[in-house]
Amino acid sequence: MDNDTKNENIRMEEIIKASAPHLELPAKESLGVKGIEPCTIVIMGATGDLTARKLVPSLFNLYLNDGLPNSFSIVGCGRTKLSDQQFRNKMKDALVAARLMNHSKWPSFAAALSYRSVDYMDLTSLISLAESLRELDQKHNTKGNRIFYLALPPSLYKQLAQMVGQAGLGKERENGNGWSRIVVEKPFGRDLKTAVALNYGIQEYFKEHQIFRIDHYLAKETVQNILIFRFANAIFEPIWNRRYIDHVNITASETLGVEHRAGYYEQAGVIRDMFQNHIMQLLALTAIEAPSQFETNRVRDEKVKVFRSLRPFPIEKLHEYIVLGQYGQGEIDGETVSAYRDEPGVNSHSLTPTFARMKVFIDNWRWQGVPFILTSGKRMAKKLTEIAIQFKGVPHSMFRQTLGETIEANRLALGIYPDEKITLTFQTKNPGAQVCLRSVTMDFSYHQKYTGPILDAYEKVLIDCMLGDQMLFWRQDGIEQCWSFLTPIVSECETCGNREEMLHFYKSGSWGPRDIGRIR
Ligand code: NDP
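Residues numbered from 1 in each chain as written. Predicted model: local features only at pLDDT ≥ 70, side-chain atom pairs only at ≥ 80, totals over all residues. Heavy atoms only, no water.

**Focus on the site of the ligand**
- Residues in close proximity to the ligand total 21 residues, the closest being T47, D49, R53, T80 and Y157.
- Within the contact set of the ligand, an oxygen atom lies 3.2 Å away from a backbone nitrogen or oxygen of G48.
- Taking T80, its side chain carries an N or O atom lying 2.5 Å from an oxygen atom of the ligand.
- For the ligand, whose accessible area on its own is 880 Å², the fraction buried by protein is 77%.
- Broken down by element, the residue count for the shell around the ligand peaks at three residues, all from helix α2 (residues 49-64).
- Considered class by class, the residues forming the shell around the ligand number 10 nonpolar, five polar and six charged. (Near = heavy atom within 4 Å. Polar contact = N/O pair within 3.5 Å; in protein donor to acceptor, adjacent residues only side chain to side chain. Areas by Shrake-Rupley, 256 points an atom, 1.4 Å probe, with all protein chains shown as cover. Helix = DSSP H or I, 4+ residues; strand = E, 2+ residues; numbered from the N terminus. Nonpolar A, V, L, I, M, F, W, Y, C, P; charged D, E, K, R; others polar.)

Here it is, written out as structure tokens:
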């Protein structure tokens with residue numbers, strides 16, 4: 001450790017002790033992850049938001065819980081000129097902001113951080129990065145194993161992957177390299193054509209087993225639990241089909257607005273931002289057939305079959321299948337918030353949807369005729385991610401004469417966020433002399449009786465990248481199938497003559513537009 005770093009670390013420890021003793025967290029129980037080989041994590045775009053808010057806090061948390069290999073190094077890259085020490089200071093601030101600063105382990109973690117300024121458009125700059133990585137391999141004993149994490153604007157993914165490849169960094173077990181993996185953040189293209197082109201560009205230098213297309217939703221414990229719930233219990237599968245299920249609601253609502261990402265969001269809109277990735281994955285996990293083994297490609301094969309079975313929308317009757325909305329002014333947590341069109345960086349006449357509800361059908365034996373209602377929006381009443389299975393009502397009510405016609409049908413809710421729980425709603429008799437029904441719920445909280453460490457979604461995906469396990473990552477054919485379904489819809493929504501009429505405004509803090517037509 002150089003003297004600057006030592007002094008800086010001592011200073012930081014003093015500041016933390018004096019001002020915020022609560023920030024020193026006890027190290028948690030070990031994660032006990034086995035088989036992670038030494039490696040270097042190269043973050044391209046390391047001066048950005050994702051690195052500060054998610055990647056480095058996740059890596060540090062893994063470090064605190066023995067979730068990183070014994071030998072590792074983290075190399076931040078960016079156009080910004082920073083020294084190693086300046087980068088460390090920046091990351092230290094990020095950890096303090098994430099309330100994760102543990103001063104006793106910070107110095108050793110900081111020693112594994114370095115920064116290289118890179119001009120992504122200049123091959124010689126990437127070649128010097130390759131040279132630098134070889135030196136860092138020697139210093140940290142990381143055996144030439146590398147992960148290249150593209151935390152950059154999506155328009156740069158293809159070019160950057162190619163530059164990394166041209167600098168010889170995609171080759172495995174050659175020229176001082178060990179294994180080499182590239183991580184690409186969503187969005188994966190804007191439509192089918194761009195997704196295919198992006199993939200084509202990346203695959204010039206990286207093979208499919210080297211490409212990790214992240215959807216951090218998939219790494220949420222509760223999302224992974226969907227498969228366990230469905231296929232490790234014998235009692236649910238027999239009723240998980242069109243005979244017993246009336247419809248399925250999949251909701252991912254946010255209370256946040258567009259924040260500082262207007263530039264991206266104006267071009268993307270809710271369908272690209274949420275449906276093409278997260279919502280489609282939740283749909284796939286709810287609908288897939290049981291893979292013969294819990295093995296990466298078999299699970300991904302089954303998901304692709306679901307995407308391939310999505311019934312194309314009848315474009316001429318789009319309004320019967322999709323509702324689009326945009327948030328207006330309103331109140332969130334008692335505070336007045338602006339309309340989307342008044343957000344900084346947003347066009348004052350913007351027609352970008354911030355809300356969509358879609359009714360989709362899966363044309364296969366199991367799901368024929370069962371609507372899947374998919375909803376996502378910004379600035380809604382509550383941050384909520386949930387899959388709700390609405391069962392059919394009883395075929396005949398023997399209580400009709402005493403209780404009337406309506407008996408509420410059973411509902412099974414798989415709560416992903418914030419309530420990580422499974423809830424089954426059913427009818428029971430109210431205690432007392434008279435026959436009187438009431439709906440009750442049986443709840444299972446995901447963390448019930450569990451005291452071990454909990455992995456954040458980014459921590460899980462980082463571990464899987466280091467292990468080379470692609471189960472929770474998108475495969476290219478899945479992306480293309482989803483885009484084949486969504487591209488005609490997005491294209492019609494963006495180019496049709498009645499674009500303005502298609503957009504329904506809703507009050508911030510509500511559950512979306514009132515006029516949701518036949519989509520309920
Ligand atoms: P930022 O907008 O913060 O950009 C990251 C870095 O990229 C910047 O600090 C900048 O570093 C570099 N950069 C920006 N523009 C250019 C350019 N034109 N040419 C070269 N470099 C550029 O992005 P985020 O960190 O927010 O996101 C990174 C990726 O992750 C994006 O693809 C985003 O869609 C995705 N993502 C982000 C999430 C988040 O919470 N932020 C969540 C999910 C996905 P420098 O100037 O130093 O080179």
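**Re empty space enclosed by the protein**
- Summed over the entire model, instances satisfying the criterion amount to five cavities of 30 Å³ or more.
- Of the pockets and cavities examined, the largest cavity occupies roughly 140 Å³.
- Residue lining of the largest cavity: 14 residues in total, with L324, L351, P353, C493 and E494 positioned closest to the centre.
- Of all the secondary structure elements, the ones that give two or more residues to the lining of the largest cavity are α9 (262-287), α13 (476-495) and α14 (499-502).
- Among the elements that line the lining of the largest cavity, the one with the most residues is α9, at five residues.
- Looking at the lining of the largest cavity, its residues break down into 10 nonpolar, one polar and three charged. (1 Å grid on protein atoms, 1.4 Å probe; cavity = no way out; pocket = protein on both sides within 12 Å on 5 of 7 lines; lining within 4 Å. Points joined across faces, edges and corners; volume = space filled by probe spheres on them.)

**Things to note about the nonpolar core**
- Counting residues in hydrophobic clusters, the biggest one holds 151 residues, and the most contacted among them are M44 and F109.
- At 15 residues, α9 tops the list of elements feeding residues into this core.
- Not counting residues within four places of it along the chain, the set of residues in contact with M44 comprises C77, Y120, L126, L129, F148, Y149, L150, A151, L152, L160 and V164. (Core = buried A, V, L, I, M, F, W, Y, C linked by side-chain atoms within 4.5 Å. Buried < 20%, exposed > 50% of the residue type's maximum accessible area, 1.4 Å probe, protein only. Contact = heavy atoms within 4.5 Å.)

**Considering the packing of α2 against helix α3 (residues 84-97)**
- Where α2 contacts α3, the axes come no closer than 9 Å and their chain directions differ by 85°. Between α2 and α3, the interaxial angle falls into the category roughly perpendicular. Each of T51, A52, V56, P57 and F60 in α2 lies in contact with α3, whose residues at this interface are M91, A94 and L95.
- When the residues that make up the contact of α2 with α3 are grouped by side-chain class, the tally is seven nonpolar, one polar and no charged. (Axes fitted to C-alpha atoms, helices over the stretch in contact; angles between N-to-C directions. Parallel < 35°, antiparallel > 145°, perpendicular 65-115°, else oblique.)

**Describing the state of the cysteines**
- Scanning the model with the defined rule gives zero disulfides in all.
- Its sulfur unpaired, C493 is 6.5 Å from the next cysteine sulfur, which belongs to C496.
- For C493, a relative accessible area of 8% puts it in the buried group.
- Residue C496 is classed as buried on the basis of its relative accessible area of 12%. (Disulfide = S-S within 2.5 Å.)

**Notes on the environment of P513**
- Topologically, P513 is positioned in the segment after β17 (503-508).
- Considering only alpha carbons, one finds P513 and Q326, 187 residues apart in sequence, at a separation of 8.2 Å.
- Those residues in contact with P513 that sit more than four places away from it in its chain are V323, L324, G325, F355, H504, F505 and Y506.

**What about the side chain of Q470?**
- On the secondary structure map, Q470 appears in the loop between α12 (457-467) and β16 (473-474).
- For Q470, the contacting residues outside a window of four places in its chain are E208, H209, Q210, I211, F212, T296 and R300.

**Re the packing of helix α6 (residues 157-166) against helix α7 (residues 192-203)**
- Contact pair α6 / α7: the axes reach a minimum separation of 8 Å and the direction vectors enclose 10°. Accordingly, the angle class assigned to the pair α6 and α7 is roughly parallel. Side by side, α6 and α7 meet where Y157, K158, A161 and Q162 of the first sit next to A197, L198, G201 and I202 of the second.
- For the contact of α6 with α7, the per-class residue count stands at five nonpolar, two polar and one charged.

**Some words on the packing of aromatic side chains**
- A full pass over the atoms with the stated rule returns 18 aromatic pairs.
- With centroids separated by 5.4 Å and ring planes inclined at 40°, the aromatic side chains of F313 and Y321 adopt a geometry described as tilted.
- Taking relative accessible area as the criterion, F313 reaches 8% and is therefore assigned buried.
- The buried category is assigned to Y321, whose relative accessible area is 17%. (Phe/Tyr/Trp six-rings, centres within 6.5 Å; stacked < 30°, edge-to-face > 60°.)

**Some remarks on unusual backbone geometry**
- Look at the link from K186 to P187: it is a cis peptide, with omega at 5°.
- Locating P187 in the fold gives a position in the loop between β5 (180-184) and α7.
- Residue Y417 is joined to P418 through a cis peptide bond whose omega torsion reads -10°.
- Mapping P418 onto the fold places it in the loop between β13 (411-417) and β14 (421-429).
- The phi dihedral of D66 falls on the positive side, at around 60°, and the residue is not glycine.
- Its identity as a non-glycine residue notwithstanding, K143 has a phi of 60°, on the positive side.

**Quick word on the pattern of salt bridges**
- Taken as a whole and assessed by the stated rule, the structure comprises 19 salt bridges.
- Note that R311 is salt-bridged to D363, the shortest N-O span being 3.0 Å. Here the residue R311 occupies a position in the loop between α10 (296-308) and β8 (322-332), and D363 occupies one in the loop between β10 (355-360) and β11 (372-377), the gap between them amounting to 52 residues.
- Take R311: its relative accessible area is 27%, and that puts it in the partly exposed class.
- When its relative accessible area of 35% is taken as the criterion, D363 is described as partly exposed.
- Residues D464 and K460 are paired through a salt bridge, measuring 3.2 Å at the closest nitrogen-oxygen approach. (Salt bridge = Lys/Arg side-chain N within 4 Å of Asp/Glu carboxyl O.)

**Concerning the sheet that holds strand β2 (residues 72-78)**
- The seven strands are arranged β3-β2-β1-β4-β5-β6-β16 in an open sheet whose pairing can be described as mixed. Of all the strands in the sheet, just β3 (113-117) and β16 have a single pairing partner and so form its edges.
- As defined by bridge partners, strand β4 (residues 146-150) adjoins β5 across five bridges and the pair is classed as parallel. Its bridge partner lying in β5, L150 is registered against V184.
- Contacting β2 and β3, α3 runs over the sheet at an angle of about 120° to β3. (Pairing = 2+ DSSP bridges.)

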